[in-house]
Amino acid sequence: MADTHLFEIDGSVLEGGGQILRMALCFSVLTKTPVRIRNIRQGRKKPGLAAQHLAGVELMRDICQGRLYKACLGSTEIEFYPGHIEHGRFVGHIQTAGSITLLLQATLPVAIFSSGPVTLDLRGGTNTDLAPQVDFLTEIFRPNMERFGASFDFDLIRRGYFPKGGGQCVIEVRPVQSLRPVTMVDVGSVTRFFGWSYVAGVLPLKIAHEMSSGAKSILNQIANSRADIEVYKESVDMAPEGNCSGIIIGCETSTGAILGGSALGEARKKGFQSGEEAAHEIQSAISVGACVDRHVQDMMIILMALADGTSRIRTEPLTMHTKTAIYVTELMTKAKFNIIEGNGSAIIECVGIGLRNINLPKNTTSY
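Quick caveat, the model's predicted, so the values are computed rather than measured.

A. The arrangement of the overall build of the protein chain in detail. Assigned secondary structure in the protein chain consists of eight helices and 16 strands. Radius of gyration (C-alpha) of the protein chain: 20 Å, near the 21 Å computed for a compact globule of 367 residues. Relative to its full complement of 367 residues, the protein chain shows a buried share of 57%. In the protein chain, once contacts between residues fewer than 6 apart in sequence are set aside, the share between residues at least 24 apart is 75%. Accessible area of the protein chain: about 15,000 Å², with a carbon and sulfur share of 50%.

Structural data, given as structure tokens:
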């Protein structure tokens, strides 16, 4: 179906991966702008829609009762016509170990502007490579999102690992009238470290202890605060298939900043080293006074853009994902960004568009 009134987006620019697709669809729904996205994931070894991306675009179509054309595995171009954001229960089923968290990242901003409560039943991979682990999203990203005045409830039914997947999460989202702007420029001092180090399947608990020790060896260099890292083995009920190990750590500061780091274990790498890598992500941010870590950095862009006012967040130097997020946001909305760089950090300023939830009856209590 050809249409000359579609907003054209080139999926090959900057990061050149699934992020452009996810953000473009999100803004398409929120601004009611039909889009044609070309050159999807052109920067990847296997361009086009993988199972995870196909599940994502179909889920977005279902939530807004939109129309979707040319979407199938391997598609490098789709056309999307958004409709009205509905409330209710929606299922996103990735038939592989593709990341549930990337599905959630894409749909959350849409769900919070729905006409009523939204339940997302997401199935696929929960702790996989090249995507945030679900625990990172709930324990590190969620408190940062809550500063804007929105949140979600999260129920982990089952873990899903590479290569089979099979994980399941149920997320409950309450809509909001609007998002408030945030100012996060003073990281303050570290008050505590927390985290989880785990193994699943046939992997010995010793690996989780090694990851915890590796993380603590770096965290002790950042601050004297005690690192409370829970070491455990997943139950067979929670992780019935596959082997996996990983670590998620968080850092809370005196100004309420929550920063995180994470890593998955690898067969060719010692557990101690994986733990060190996770902690280095926090050390890197704290060392330049950043108020969010490099993974949350790009997740904040869409929230800043939708907020009602000017937001300012001190970060590490901008990642390619963040540059891509800003590019797509400025392309599709009237949000304006200004980046102030210096002393190894950056302050991202954004004048948000102040999106109002026209779907929500007035006087409805939101988050």
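B. Quick look at the pattern of salt bridges. As enumerated under the stated definition, the model contains 22 salt bridges in all. For Asp-62, the salt bridge is made with Arg-61, and the minimal N-O distance between the two is 3.1 Å. A single network of salt bridges, built from pairs that share partners, joins Glu-8, Arg-36, Arg-38, Lys-70, Glu-77 and Glu-79.

C. Representation of helix α1 (residues 18-31) in the model. Along its 14 residues, α1 runs 20 Å from first to last C-alpha, staying within 8% of the 20 Å computed at 1.5 Å per residue. Summarising burial for α1: 13 of the 14 residues are buried, a large majority. The first or second residue beyond α1 is Lys-32, which carries a positive phi of 55 degrees.

D. The arrangement of the domain arrangement of the protein chain in detail. For the protein chain, the domain assignment lists domain 1 (7-184 + 292-353) and domain 2 (190-288). Placing a centre on the C-alpha atoms of domain 1 and another on those of domain 2 gives a separation of 25 Å. Each partner contributes residues to the interface: domain 1 has 26 residues there, and domain 2 has 32 residues. Carbon and sulfur atoms make up 57% of the area that domain 1 and domain 2 hide from each other, which totals about 2,100 Å². Together, Gln-133, Arg-159 and Tyr-161 form the three largest contributors to the area buried by domain 1 at its contact with domain 2, with a combined 27%. In this structure, the connection of domain 1 to domain 2 is made through two salt bridges. Put simply, Glu-234 and Arg-159 hold a salt bridge, and the shortest N to O gap is 2.8 Å. Counting the contacts that link domain 1 with domain 2 gives 13 residue pairs in polar contact (both at pLDDT 80 or more). Among the elements of the structure, α4 (134-146), β7 (152-158) and α7 (294-306) are those that each provide at least two residues to the side of domain 1 that touches domain 2. Among the elements that line the side of domain 1 that touches domain 2, the one with the most residues is α4, at six residues. A per-class count over the side of domain 1 that touches domain 2 returns seven nonpolar, eight polar and 11 charged.

E. Highlighting the UniProt feature "domain: RNA 3'-terminal phosphate cyclase" (unreviewed entry) in the protein chain. Per the UniProt record, "domain: RNA 3'-terminal phosphate cyclase" (unreviewed entry) is annotated on residues 14-339. Between the end C-alpha atoms of residues 14-339 the distance is 17 Å, and the span holds 35% helix and 26% strand.

F. Quick peek at the pairing of strand β11 (residues 227-233). Where strand β10 (residues 190-200) meets β11, seven bridges bridge the pair, whose relative direction is parallel. Bridging from a neighbouring strand, Trp-196 pairs with Glu-230 of β11. Running through helix α5 (residues 205-222), the crossover from β10 to the neighbouring parallel element β11 is right-handed.

Conventions and cut-offs
Residues numbered from 1 in each chain as written. Predicted model: local features only at pLDDT ≥ 70, side-chain atom pairs only at ≥ 80, totals over all residues. Heavy atoms only, no water. Helix = DSSP H or I, 4+ residues; strand = E, 2+ residues; numbered from the N terminus. Rg over C-alpha atoms; globule rule 2.2 N^0.38 Å. Buried < 20%, exposed > 50% of the residue type's maximum accessible area, 1.4 Å probe, protein only. Contact = heavy atoms within 4.5 Å. Areas by Shrake-Rupley, 256 points an atom, 1.4 Å probe, with all protein chains shown as cover. Salt bridge = Lys/Arg side-chain N within 4 Å of Asp/Glu carboxyl O. Expected span 1.5 Å × (residues − 1). Domains from an automatic or database assignment. Buried area = accessible area lost by both parts, 1.4 Å probe. Polar contact = N/O pair within 3.5 Å; in protein donor to acceptor, adjacent residues only side chain to side chain. Nonpolar A, V, L, I, M, F, W, Y, C, P; charged D, E, K, R; others polar. UniProt positions renumbered as here; feature names shortened; annotations may be inferred. Pairing = 2+ DSSP bridges. Right-handed = clockwise from strand over helix to strand, strands pointing away.

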